[in-house]
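A look at the structure
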Amino acid sequence: MSDNGQLNERKVKILNAIIKNYLETGEPVGSRTISKIDDMNVSPATIRNEMSDLEELGYIVQPHTSAGRIPSDKGYRFYVDNLMQQKDREINKMQDFVIEHTQKVEKVLKQVAKLLANNTNYTTLVTSPQAKKNTVKFIQLSEVSQDQILCVIVLDGNIVRNKVLNLDEGLDSETVLKLNILLNTSLNGLSMEEINLGTIAKLKESAGIHSGIVSQVLDAVGEVISEGKELEIYTSGATNIFKYPELTDSQSATDLLNALEEKSQLIELVNDINESEVEGDTNIRVMIGNESPMENMKDCSIVTATYDIGGGMKGTVGIIGPKRMDYENVMDNLRTLKVQLDDIFNKPDN
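Residues numbered from 1 in each chain as written. Predicted model: local features only at pLDDT ≥ 70, side-chain atom pairs only at ≥ 80, totals over all residues. Heavy atoms only, no water.

Some points on the pattern of salt bridges
Which entries qualify depends on this criterion: Salt bridges are defined as contacts in which a side-chain nitrogen from Lys or Arg sits within 4 Å of a carboxyl oxygen from Asp or Glu. Secondary structure elements follow DSSP: runs of H or I no shorter than four residues count as helices, runs of E no shorter than two count as strands, and numbering proceeds from the N terminus. Throughout this description, buried means an accessible area under 20% of the type-specific maximum (1.4 Å probe, protein chains only), exposed means over 50%, and partly exposed covers the range between.
Using the criterion set out here, one finds eight salt bridges in the structure. Between Glu 50 and Lys 11 there is a salt bridge; the shortest N-O distance is 2.8 Å. One end of the pair, Glu 50, is in helix α3 (residues 44–56); the other, Lys 11, is in helix α1 (residues 9–25), with 39 residues separating them in the sequence. Its relative accessible area of 11% is what places Lys 11 among the buried residues. The partner of Glu 246 in a salt bridge is Arg 324, and the shortest N-O contact between them spans 2.6 Å. Of this pair, Glu 246 sits in the loop between β8 (233–236) and α8 (250–261) while Arg 324 sits in the loop between β11 (313–322) and α10 (327–346), and the two are 78 residues apart along the sequence.

A few points about the nonpolar core
To be explicit about the condition: In this description, a nonpolar core means a group of buried Ala, Val, Leu, Ile, Met, Phe, Trp, Tyr and Cys residues linked to one another through side-chain atoms lying within 4.5 Å. Should any heavy atoms of two residues lie within 4.5 Å, those residues are considered in contact.
Formed by 42 residues in total, the largest nonpolar core has its most connected members in Met 297 and Leu 334. Elements represented by at least two residues in this core include exactly α4 (73–120), β3 (123–127), β8, α8, α9 (263–275), β10 (300–310), β11 and α10. With residues up to four places along the chain from it excluded, the contact list for Met 297 reads Leu 256, Ala 259, Leu 260, Leu 266, Leu 269, Gly 289, Ser 292, Ile 302 and Ile 320. Listed in part, the 28 residues of the second largest apolar core include Val 136, Ile 149, Leu 182 and Leu 218.

Focus: the sheet that holds strand β7 (residues 159–166)
Note on sheets: strands pair through backbone hydrogen bonds, and any given pair is parallel or antiparallel. The line we're drawing: Strands are labelled as partners when DSSP assigns at least two bridges between them. All axes here are fitted lines through C-alpha atoms, helices being fitted over the stretch that makes contact, and every angle between N-to-C directions spans 0 to 180 degrees.
If you trace the three strands from one edge of the open sheet to the other, you get β5-β6-β7, paired in antiparallel fashion. Looking at which strands have only one partner, the edges of the open sheet turn out to be β5 (136–145) and β7. Mean inter-strand twist for the sheet, computed between neighbouring axes without regard to direction, equals 20 degrees. Strand direction decides the pairing type here: β5 and strand β6 (residues 148–155), joined by eight bridges, are antiparallel. Bridge assignment links Glu 143 to a residue of β6, and that residue is Ile 149. Against the sheet, helix α5 (residues 173–187) makes contact with β5 and β6, and its axis sits at roughly 165 degrees relative to β5, the strand it touches most.

What about the packing of α1 against α3?
The line we're drawing: Any angle between 65 and 115 degrees counts as roughly perpendicular, while under 35 counts as roughly parallel, over 145 as roughly antiparallel, and the rest as oblique.
Where α1 contacts α3, the axes come no closer than 10 Å and their chain directions differ by 85 degrees. In terms of orientation, α1 and α3 fall into the roughly perpendicular class. Contacts from Arg 10, Lys 11, Ile 14, Leu 15 and Ile 18 of α1 reach α3 at Thr 46, Ile 47, Glu 50, Met 51, Asp 53 and Leu 54.

Notes on the side chain of Ser 301
Which entries qualify depends on this criterion: Two N or O atoms count as a polar contact when they lie within 3.5 Å, although within protein this holds only if one can serve as hydrogen donor and the other as acceptor, and sequence-adjacent residues are included solely when both atoms are side-chain atoms.
Tracing the backbone through its elements, the reader meets Ser 301 in strand β10. Overall, the relative accessible area of 0% leaves Ser 301 in the buried class. Side-chain polar atoms of Ser 301 contact the side chain of Tyr 327, separated by 2.7 Å. Beyond its immediate sequence surroundings of up to four residues, Ser 301 is in contact with Met 287, Ile 288, Gly 289, Ile 319, Ile 320, Gly 321, Pro 322, Lys 323, Met 325 and Tyr 327.

Overview of α5
Which entries qualify depends on this criterion: The span expected for a helix works out to 1.5 Å for each residue beyond the first.
Here α5 is 15 residues long and its end C-alpha atoms lie 21 Å apart, about the 21 Å a rise of 1.5 Å per residue gives. Buried within α5 are the following residues: Ser 173, Thr 175, Val 176, Leu 177, Leu 179, Asn 180, Leu 182, Leu 183, Asn 184 and Leu 187. Phi turns positive, to about 85 degrees, at Gly 189, one or two residues after α5.

Things to note about the environment of Ile 273
Topologically, Ile 273 is positioned in helix α9. By relative accessible area, Ile 273 is classed as buried at 3%. In this structure the C-alpha to C-alpha distance between Ile 273 and Met 287, which are 14 residues apart in sequence, comes to 9.4 Å. The contact partners of Ile 273, leaving out residues within four places of it in the chain, are Arg 285, Met 287 and Thr 304.

Regarding the packing of α5 against helix α6 (residues 197–207)
Operational definition: In a left-handed crossing the near helix is turned counterclockwise from the far helix by less than a right angle, and in a right-handed crossing that turn is clockwise. Charged residues are taken to be Asp, Glu, Lys and Arg, nonpolar residues to be Ala, Val, Leu, Ile, Met, Phe, Trp, Tyr, Cys and Pro, and polar residues to be all remaining types, Gly included.
At a minimum axis separation of 11 Å, α5 and α6 run at an interaxial angle of 165 degrees. Here α6 runs roughly antiparallel to α5, going by the angle between their axes. The element α5 and its partner α6 pack so that their crossing is right-handed. Taken together, the residues of α6 that come into contact with α5 (itself represented by Leu 179, Leu 182, Leu 183, Ser 186 and Leu 187) are Thr 199, Leu 203, Ser 206 and Ala 207. A per-class count over the contact of α5 with α6 returns six nonpolar, three polar and no charged.

Below is the structure:
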């Protein structure tokens, strides 16, 4: 910003505080109000001096004879441009993180499946992490052109999606800013199920003549949440089943191998396991024989654990073997791997 040279850090902080307070209350903002902000740590007298400078520079104005100030167009422009730059940096950083994290996750999970199969001599499966409940983390509207606006939607688990929305008429920066504040205040932390008719009605009422844009944003949020991310399943050690005579019967072995190769069947198995999971439970679960939801695994035992990489993202690690499997060894391996996965994905790289 070319005006940044005129504004030191304290002036920027005070200007931001004035604008935020005015956006929330619609009332002129005085020095005493600003001095009460927790992290301001500046006396009212100093704030008055800084506000006088900001007024002289044209960033704020004093309406009528009020002691308070309100933002000028120049003040709004400074605030909006800096806010958008900051959010753009955050989103770009988040997108880079997601790409890097996704590649890292895939590589690690393939290694985990192979290592587990080698350590246990059984068949293993590891699923990619998924959000159990997709909730809105952040929404940002940015002007693209006179008749289009970019809507960036970030869900829990740092899932980032971009949607271009068409406008009937252009929006000024102040309106875009107010819509950003309204959408984030109303929707952050909510899942699609929690965005009820009451929430929507209140949002549209607050948006007034811009309720059509709110409808488009809500449609985009619903679309992004319903898209989801396809569940990836990594398997290893399928041929280990031939080490156990009770599983080498030609039909049993064929059925089991087909199940391990058929992704849709494995997804069904994992979904059944996840549906039976108690909220907050990441402990080890064991299904023996007929307890398995899959007919072609009735001669097997399936032992699974849930790992948690943070941000509401969880995945499943599973071991499939004969009913006479070494349960103690299997459980020890799963416990160790669960802790290691939690640690790998939650610990920042050095």
